[in-house]
Amino acid sequence: MAAGSRGRQPWGSRLLGLLGLVSVSVAAAAWDLASLRCSFGTFCECDFQPDFQGLECDLAQHLAGQHLAKALVVKALKAFVQDPAPTKPLVLSLHGWTGTGKSYVSALLAHYLFRGGLRSPYVHHFSPVLHFPHPSHMERYKKDLKSWVQGNLTVCGRSLFLFDEMDKLTPGLMEVLQPFLGSSWVVYGTNYRKAIFIFISNTGGEQINQVVLEAWRSRRDREEVGLQELEPVISQAVLDNPHHGFWRSGIMEEHLLDVLVPFLPLQRHHVRHCVLNELAQLGLEPRDEVIQAVLDSTTFFPDDEQLFSSNGCKTVASRIAFFL
């Protein structure tokens, strides 16, 4: 990684802490200061300072088994950021099995796009469990979410909105975002075309796993699995899931998602890669007995092939701590 790049820590032990730093209250408290710093908030760049070299370096070193996700995310971001006048915000939807790196990648994007990283007042993270826990309050949530997005885009057009666990979100809420995601110049008096929206869910994970399994059984290389095979099955999985935030949504019908980003299931050598990264983060030399113990304690599926990790790399950090 080049000198000056904002180095990141491996996928694992720090992910929950990273995401936990972001809350609605942080950005709200910064509104007045941001307005003073940038009188024309819809046109200013705020603390937006993309570091693509750092991002690509971190993804190459620490994100195991996700050739498609790496390529799609970086390509979409570069094209969007290099466009001086985009006609719509960038909208990414990340899909895949648990522990495959979706939340890790979203945390990296915040870190490498904004000078303040996840502490930036222009990065906003929403979780269904924390922010929209009661379906009976949906009308209030709709009003609050619309006001929140509009208000933050008024302060800074270069804002990042992360919506986690979309498969646990009551359908209907996301409809209030539809006007902000399309190609229009101004919405509610707010210039929003330079914003980035990222939606994360496990929906489509089973379908992705099946495509990759069939490729493996056909003796095709994992890297030969392309977006053209995965995009249709992911889209259908979202449309068929009544628990997904985009179910029966105009966002899907109007094709407002710019890129569906598939995260593939992780195999044994990918989990090994995660173990090595975690040991390096702890300042420890690779120890064969620890690596093997973690792999032996990991559940793989399907039953016959024992090919994919059931939890990806999600439990690697805690398993290492147990076996040290």
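Thresholds, definitions, all that
- Residues numbered from 1 in each chain as written.
- Predicted model: local features only at pLDDT ≥ 70, side-chain atom pairs only at ≥ 80, totals over all residues.
- Heavy atoms only, no water.
- Helix = DSSP H or I, 4+ residues; strand = E, 2+ residues; numbered from the N terminus.
- Buried < 20%, exposed > 50% of the residue type's maximum accessible area, 1.4 Å probe, protein only.
- Contact = heavy atoms within 4.5 Å.
- Pairing = 2+ DSSP bridges.
- Axes fitted to C-alpha atoms, helices over the stretch in contact; angles between N-to-C directions.
- Disulfide = S-S within 2.5 Å.
- Core = buried A, V, L, I, M, F, W, Y, C linked by side-chain atoms within 4.5 Å.
- Parallel < 35°, antiparallel > 145°, perpendicular 65-115°, else oblique.
- Left-handed = near helix turned anticlockwise from the far one by under 90°.
- Nonpolar A, V, L, I, M, F, W, Y, C, P; charged D, E, K, R; others polar.

## What to know about the overall build of the protein
A tally of regular secondary structure across the protein gives 15 helices and seven strands. A burial count over the protein gives 54% of its 324 residues as buried. For the protein, the proportion of contacts with a sequence separation of at least 24, taken over those separated by at least 6, is 81%.

## Quick look at the sheet that holds strand 2 (residues 123-126)
The sheet built from five strands is open, its strands ordered 2-3-4-1-5 with parallel pairing. A single partner strand is all that each edge strand has here, and the edge strands are strand 2 and strand 5 (259-263). The average angle at which neighbouring strand axes cross in this sheet is 15 degrees, direction not considered. Sheet analysis places strand 1 (residues 90-96) next to strand 4 (residues 196-201), joined by six bridges and oriented parallel. From the neighbouring strand, S93 faces strand 4, where its bridge partner is F199.

## Concerning the side chain of S120
Tracing the backbone shows S120 in the loop between helix 6 (102-113) and strand 2. Not counting residues within four places of it along the chain, the set of residues in contact with S120 comprises D47 and F114.

## Comments concerning the state of the cysteines
Across all of its chains, the model carries two disulfides by this definition. With a sulfur-sulfur separation of 2.0 Å, C46 is cross-linked through a disulfide to C156. The sign of the 130 degrees torsion about the S-S bond sets the C46-C156 disulfide as right-handed. Taken together, the residues span a long stretch of sequence, with C46 in the loop between helix 3 (31-37) and helix 4 (52-62) and C156 in the loop between helix 8 (138-155) and strand 3 (160-163) at a distance of 110 residues. Of the two residues, C46 and C156, both sit in the buried class. The disulfide that involves C274 links it to C313, with 2.0 Å between the sulfurs.

## Looking at the nonpolar core
Membership of the largest hydrophobic core comes to 42 residues, with the highest contact counts inside it found for L145, F163, M174, L177, F197, F199 and F246. Of all the secondary-structure elements, those providing two or more residues to this core are helix 8, strand 3, helix 9 (178-181), strand 4, helix 10 (205-217), helix 11 (227-240) and helix 12 (250-253). Tallying contributions element by element places helix 8 first for this core, with six residues. In this view, F197 contacts P89, L90, V91, L92, V149, F161, F163, F180 and L181; residues no more than four positions away in its chain are not counted. By size, the runner-up hydrophobic cluster in this structure holds 39 residues, among which are L59, L72, V73 and F114.

## Overview of the environment of S103
Position of S103 among the secondary structure elements: in helix 6. When the C-alpha positions of S103 and L162 are compared, they lie 9.5 Å apart, and in sequence the two are 59 residues distant.

## Quick notes on the packing of helix 10 against helix 11
Between helix 10 and helix 11, whose axes approach to 8 Å, the crossing angle comes to 150 degrees. Regarding the angle of helix 10 to helix 11, the classification is roughly antiparallel. The handedness of the crossing between helix 10 and helix 11 is right-handed. Where helix 10 approaches helix 11, its residues Q207, I208 and V211 are matched on the opposing element by E229, L230, V233, I234 and A237. Of the residues that constitute the contact of helix 10 with helix 11, the class distribution is six nonpolar, one polar and one charged.

## Details of the packing of helix 13 (residues 268-281) against helix 15 (residues 316-323)
Axis separation between helix 13 and helix 15 bottoms out at 10 Å; the angle between their running directions is 65 degrees. In this structure, helix 13 crosses over helix 15, and the sense of that crossing is right-handed. For the pair formed by helix 13 and helix 15, the contact residues are V271, C274, V275, E278 and L279 on the first element and V316, A317 and I320 on the second. Looking at the contact of helix 13 with helix 15 residue by residue, the classes come out as seven nonpolar, no polar and one charged.

## Considering the pairing of strand 4
Among the six residues in strand 4, six count as buried, and that is most of the element. Taking every second residue as pointing to the same face, both faces of strand 4 are buried, with I196, I198 and I200 on one and F197, F199 and S201 on the other. Pairing analysis gives four bridges linking strand 3 to strand 4, with the strands arranged parallel. Counterpart to F163 in the pairing with strand 4 is F199.

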